[in-house]
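Summary of structural features
Single-letter residue listing:
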Protein chains: 2
Amino acid sequence: MSNIREVPKLEDVAKAAGVSTATVSRCLNTPDRVLEGTKLKVFDAIEVLGYTPNFGARVMAAKRTLTIGAIIPTMENAIFARGLQAFQEELHDRGYTLLVSSSAYRPDIEEEQIRKLVTRGADGLLLIGEDRDNSIYQYLKRQEVSALIAWTYSADAPLSCVGFDNRKSMQLLTENVMAFGHNRIGVISGFTKGNDRARSRMQGIREALMSNGLDPGELAVIETSYEIECGAKAFDQLMALERPPTAIMCGNDVLAVGALKRARERNINVPGDVSITGFDDIELARIVDPALTTVHVPHREMGRQAACVLVDLLEKNGEPRSIELQTLVQIRGSLGRRKI
Amino acid sequence: MSNIREVPKLEDVAKAAGVSTATVSRCLNTPDRVLEGTKLKVFDAIEVLGYTPNFGARVMAAKRTLTIGAIIPTMENAIFARGLQAFQEELHDRGYTLLVSSSAYRPDIEEEQIRKLVTRGADGLLLIGEDRDNSIYQYLKRQEVSALIAWTYSADAPLSCVGFDNRKSMQLLTENVMAFGHNRIGVISGFTKGNDRARSRMQGIREALMSNGLDPGELAVIETSYEIECGAKAFDQLMALERPPTAIMCGNDVLAVGALKRARERNINVPGDVSITGFDDIELARIVDPALTTVHVPHREMGRQAACVLVDLLEKNGEPRSIELQTLVQIRGSLGRRKI
DNA sequence: GCGAGCAATGTAAGCGCTTACATAATAAAG
DNA sequence: CTTTATTATGTAAGCGCTTACATTGCTCGC
């Protein structure tokens, strides 16, 4: 067929090596079922012809793409970057390629992206958090696409999880904040709608307050989007209250850095006048001055494990398997003893 | 064929709508060649059956995947994040999906990733910088994969570029530094081997020195990898010199932030005792105290334009088209007048 | 009113691989 | 030495689309 100078196909390799197309295919996919001598001939021919398997044909015949999709809220800040990088590295080691989309924290965009990646033939999907319409989970099941939830660990999530307990982590951090004498706490949270991580963290704070006999109803809470400038603005709002908080707990490090920045601009001393805490422990947390008290999340480990679990899931067709990773409260300079 | 409850295929849609498979395919791919009434019937059938085209089959028949690959040095720091995000958004708007890999700044890994993404059927590729083995460019040409270089603009690059002039930008920044009275300058550069951006920036510094009658041979230069800790370490080395520099210019903001951090730890005043500059103007640059003097790079614009050019390239089979974006020197607190 | 020209649709031939099944060759068992 | 199990390889049937080409039914100009 392809007698002239064309991209060589499997058939050409077979002809050159003097074997059948099936044998060439087996050399590529199940090499242990082929005799050593035959393999040698075949790989020689492949080398000589410069053959590369045609992706589309392979996908169509084998019904899998060796591709994994990830949909993350954003690539712009560092929150997901490190985990995603580790995820990609591990996938690569296992022969998979990573398809990436971002949803800008919007459920509608996320859904669109999920459908798109599935249509594009992703064998599996990495999703952030568990909070999404049930119809999406049904869709994934119907399409027989394995999916995994990261950044959240929840025993009764609709899919396997590789993540951590956002509520417990924040609760622990709050206990620490209170141990420094703070009982008038302000909170700068990410939007909780459609974001179980933000919601769990809020709940962690409330539970810590309650178990110390404080009324969570008195908590000053501002919800905003995860941007530095928004953190700064929210800081202003909290400090403008009649009785401003002595400690401000933020939904993540990005918000906390925004608050810290504004405090510096306004010459409000941290932690002298007000303490500030974050969540995630991204690199930024240790660069700002004072360094951020925050919750350390093992991002790389999470990304790596997520890749392992997801690949196992779809290769071994294994049952759901979840992994809960441990976080660690990191006390640094931005948290200080309450004055008076 | 698929009489039972199966994933519906194009043939099923055709049957349900009472048309041929070709017509259904045309409704999907070239809708203007189909009568309005026919289209209605077909889309109805698609809706009812919940049909989604099979990716593999489509790729095989149409010989394109509507997928673009990007290989960036790293996802971990913010340098490429914003541009990549914009790139992805624009691709999405144009119906393409993004495949992402990272090379850890290593040419061998980059080459492997390039081949992998091509094998995976990427229609086009986004590459960072132009500095790579010529055999790779030949490979891309042979495979007929369109590729684009970003983060670098060079008139004689082997491919279309969407980027900026690293040399000129750094030269301009250096002029500014010298205008503040500095003539003993230290440099913390990224590794220049295999990295034309790092090399061009160095060259920009040297040229600025020369055109001001200074000897670039006296420049204290340390090459290191783009990590905060490495910037800190290099700062120590430069300050340990017999005659330490009065200004330290860094290859990017990450290195600069590292240097700044170490200065603070050592109680060395910036810019009082030493000035520090960066490159890129990532968010970080405005968060640190003092804020970084740096070169502003229009990352989002670059990512967006790169997507436009690349898609045009492979859809219109257009000739190479390059875009040079302008940078802007941002003078901020980390650069001060030389003492004495 | 007829043939040219055009628009809408249908027919069917691939696209390049994987894999179930058939076959051949060899080893193990009786 | 035959029978059976086992292993290595070959044969060929799809996988579900796209698209070149064929066909049909119009509209129009003269």
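Higher on the page you've got the structure.
What this report covers is the structure whose coordinates are included nearby. Every chain begins its residue count from 1, and numbering advances along the sequence as written. Chain labels run from A onward and ligand labels from 1 onward, assigned in the order the entries are written. Only residues with pLDDT of at least 70 are given local features in this predicted model, and only at 80 or more are side-chain atom pairs given and counted; all residues enter the totals for whole chains, interfaces and linings. Only hydrogens and water are set aside when side-chain values are computed; all heavy atoms of the structure are taken into account.

Considering the pairing of strand S2 (residues 97-102) of chain A
The classification of residues rests on relative accessible area computed with a 1.4 Å probe and restricted to protein chains. Under 20% of the type maximum is buried, over 50% is exposed, and intermediate values are partly exposed. Counting from the N terminus, the helices are DSSP H or I runs at least four residues long and the strands are E runs at least two residues long. S2 of chain A sits mainly inside the fold: six of its six residues count as buried. Neither face of S2 of chain A is left uncovered, since the one carrying Thr-97, Leu-99 and Ser-101 of chain A and the one carrying Leu-98, Val-100 and Ser-102 of chain A both have all their residues buried.

Side note on the pairing of strand S8 (residues 247-250) of chain A
Residue and element names in this part refer to chain A. Residue alternation in S8 divides its side chains into two sets, Ala-247 and Met-249 and Ile-248 and Cys-250, and both sets are buried. In this description, strands pair whenever DSSP reports at least two bridges between them. Note that strand S6 (residues 185-190) and S8 share four bridges and pair parallel. Looking across to S8, one finds that Val-187 is bridged to Met-249. One ladder, built from three bridges, connects S8 with strand S9 (residues 275-277); its direction is parallel. Looking across to S9, one finds that Ala-247 is bridged to Ser-275. This β-α-β element, S8 to helix H11 (residues 253-265) to S9, shows right-handed connectivity. A clockwise course of the path from the first strand over the helix to the second, judged with the strands pointing away from the viewer, identifies a crossover as right-handed.

Looking at the sheet that holds strand S7 (residues 220-224) of chain B
Residues and elements named next belong to chain B. Taken in spatial order, the four strands of this open sheet run S7-S6-S8-S9, and their pairing is parallel. The two strands at the open ends of the sheet, each matched to only one other strand, are S7 and strand S9 (275-277). Taken pair by pair, the neighbouring strands of this sheet meet at an average axis angle of 15°, ignoring direction. Note that strand S6 (residues 185-190) and S7 share five bridges and pair parallel. By the bridge assignment, Ile-188 is partnered in S7 with Ile-222. What makes two residues a contact is simply this: any of their non-hydrogen atoms within 4.5 Å. Axis definition: a line fit to C-alpha positions, over the contact stretch in the case of helices; interaxial angles, taken between N-to-C directions, run 0 to 180 degrees. Lying on the sheet, helix H8 (residues 166-179) is in contact with S6, strand S8 (247-250) and S9; it crosses S8 at an angle near 170°.

Topic: the packing of helix H10 (residues 228-239) of chain B against helix H11 (residues 253-265) of chain B
Residues and elements named next belong to chain B. Across the interface, H10 lies against H11 with an axial gap of 7 Å and an inter-helix angle of 55°. As summarised for this structure, H10 and H11 are arranged oblique, according to the angle between their axes. When the axes of H10 and H11 are compared, the crossing they make is right-handed. Every residue of H11 that contacts H10 at Ile-228, Glu-229, Cys-230, Gly-231, Ala-232, Phe-235 and Asp-236 is listed here: Val-254, Leu-255, Val-257, Gly-258, Ala-259, Lys-261, Arg-262 and Ala-263. Gly counts as polar in this scheme, as do all residues outside two lists: the nonpolar Ala, Val, Leu, Ile, Met, Phe, Trp, Tyr, Cys and Pro, and the charged Asp, Glu, Lys and Arg. Its residues assigned to classes, the contact of H10 with H11 comprises nine nonpolar, two polar and four charged. An angle below 35 degrees is read as roughly parallel, one above 145 as roughly antiparallel, one from 65 to 115 as roughly perpendicular, and any other as oblique. Left-handed describes a crossing whose near helix is turned anticlockwise from the far helix through less than a right angle; right-handed describes the clockwise counterpart.

Regarding the environment of Leu-310 of chain B
Residues and elements named next belong to chain B. Within the secondary structure, Leu-310 sits in helix H13 (residues 299-315). In the structure, Leu-310 is positioned 186 residues away from Gly-124 in sequence and 7.0 Å away in space, judged by C-alpha atoms. When neighbours within four sequence positions are excluded, Leu-310 is seen to be in contact with Ile-68, Phe-87, Gly-124, Leu-125, Leu-126, Ser-146, Ala-147 and Leu-148.

Quick look at the packing of helix H5 (residues 78-93) of chain A against helix H13 (residues 299-315) of chain A
Residues and elements named next belong to chain A. Direction vectors running N to C along H5 and H13 enclose 40°, while the axes themselves pass 7 Å from each other. Between H5 and H13, the crossing angle belongs to the class labelled oblique. Handedness of the crossing formed by H5 with H13: right-handed. Contact with H5, carried on its side by Ile-79, Arg-82, Gly-83, Gln-85, Ala-86, Phe-87, Glu-89, Glu-90 and Leu-91, involves His-299, Arg-300, Gly-303, Arg-304, Ala-306, Ala-307, Cys-308, Leu-310 and Val-311 of H13 and no other residues of that element. Partitioned by chemical class, the residues of the contact of H5 with H13 number nine nonpolar, four polar and five charged.

Side note on the interface of chain A and chain B
Contacts between the two partners involve 46 residues from chain A and, on the opposite side, 46 residues from chain B. In total, about 4,100 Å² of surface goes out of reach between chain A and chain B, with carbon and sulfur atoms giving 55% of it. Three residues stand out in chain A for area buried against chain B, namely Glu-76, Arg-120 and Ile-287 of chain A, and they jointly supply 18% of the buried area on that side. In this structure, Glu-76 of chain A engages Arg-300 of chain B in a salt bridge whose closest nitrogen and oxygen atoms are separated by 2.4 Å. Two N or O atoms form a polar contact when they lie within 3.5 Å of each other; inside protein one atom must be a possible hydrogen donor and the other a possible acceptor, and for residues adjacent in sequence the pair counts only when both atoms belong to side chains. Summed over the shared surface of chain A and chain B, the result is 24 residue pairs in polar contact (both at pLDDT 80 or more). Secondary structure elements with two or more residues in the side of chain A that touches chain B: helix H4 (55-62), H5, S2, helix H6 (107-119), H11 and helix H12 (284-287) of chain A. Here the residues of the side of chain A that touches chain B are counted per class, giving 19 nonpolar, 16 polar and 11 charged. Two strands pair when backbone bridges link them, and S2 of chain A and strand S2 (residues 97-102) of chain B are joined in this way by three bridges, in the antiparallel orientation. Opposite Val-100 of chain A, over in S2 of chain B, you have Leu-98 of chain B as the bridge partner. Accessible area that two parts lose when put together, evaluated with a 1.4 Å probe and summed over both, is termed the buried area. Salt-bridge detection follows one rule: a side-chain nitrogen of Lys or Arg within 4 Å of a carboxyl oxygen of Asp or Glu.

Thoughts on the side chain of Thr-246 of chain A
Residue and element names in this part refer to chain A. When you line up the elements, Thr-246 lands in the loop between helix H10 (228-239) and S8. Assessed through its relative accessible area of 12%, Thr-246 is described here as buried. Excluding residues that lie within four positions of it along the chain, Thr-246 makes contacts with His-182, Asn-183, Arg-184, Asp-273, Val-274, Ser-275 and Arg-338.

Here we look at helix H8 (residues 166-179) of chain A
Helical periodicity: at 3.6 residues per turn, an α-helix aligns residues three or four positions apart in one direction. Residues and elements named next belong to chain A. How far a helix is expected to stretch is found by multiplying one less than its residue total by 1.5 Å. Over its 14 residues, H8 extends 20 Å from the first C-alpha to the last, a length consistent with the 20 Å expected when each residue adds 1.5 Å. Within H8, burial applies to Asn-166, Ser-169, Met-170, Gln-171, Leu-173, Thr-174, Val-177 and Met-178. Considering only its buried residues, H8 is in contact with S6, helix H9 (196-211), S8, S9, strand S10 (294-296) and strand S12 (328-330). For H8, the side-chain oxygen to backbone nitrogen distance between the N-cap and Arg-167 is 3.0 Å, and the N-cap itself is Asp-165. Looking one or two places after H8, you find Gly-181, whose phi comes out positive at around 95°.

A word on the relation of the copies chain A and chain B
Only residues with pLDDT of at least 70 in both copies count here: their C-alpha atoms drive the least-squares fit that superposes the copies. Take chain A, turn it by 180°, move it 0.0 Å along the axis, and it overlays chain B with an RMSD of 0.1 Å. One copy is carried onto the other by what is essentially a two-fold rotation axis. No C-alpha of chain A approaches the rotation axis more nearly than that of Leu-99 of chain A, which lies at 2.2 Å. Counting the interface residues of chain A, we find that 100% of their copies in chain B are interface residues as well, pointing to one common contact surface.

Re the protein's contact with DNA strand C
The rule for a residue being near a molecule or strand is that one of its heavy atoms must lie within 4 Å of it. Around DNA strand C lies a shell of 24 residues, among which Leu-10, Ser-25 and Tyr-51 of chain A together with Thr-23 and Thr-38 of chain B are the nearest. Looking at DNA strand C alone, sugar and phosphate atoms form 67% of those within 4 Å of the protein. In the model, a phosphate oxygen of DNA strand C is placed 3.0 Å from a nitrogen or oxygen of the Lys-9 of chain A side chain. Side-chain polar atom of Ser-25 of chain A to a phosphate oxygen of DNA strand C: 2.6 Å apart, as the coordinates give it. Per-class residue counts for the surface near DNA strand C are 13 nonpolar, seven polar and four charged.

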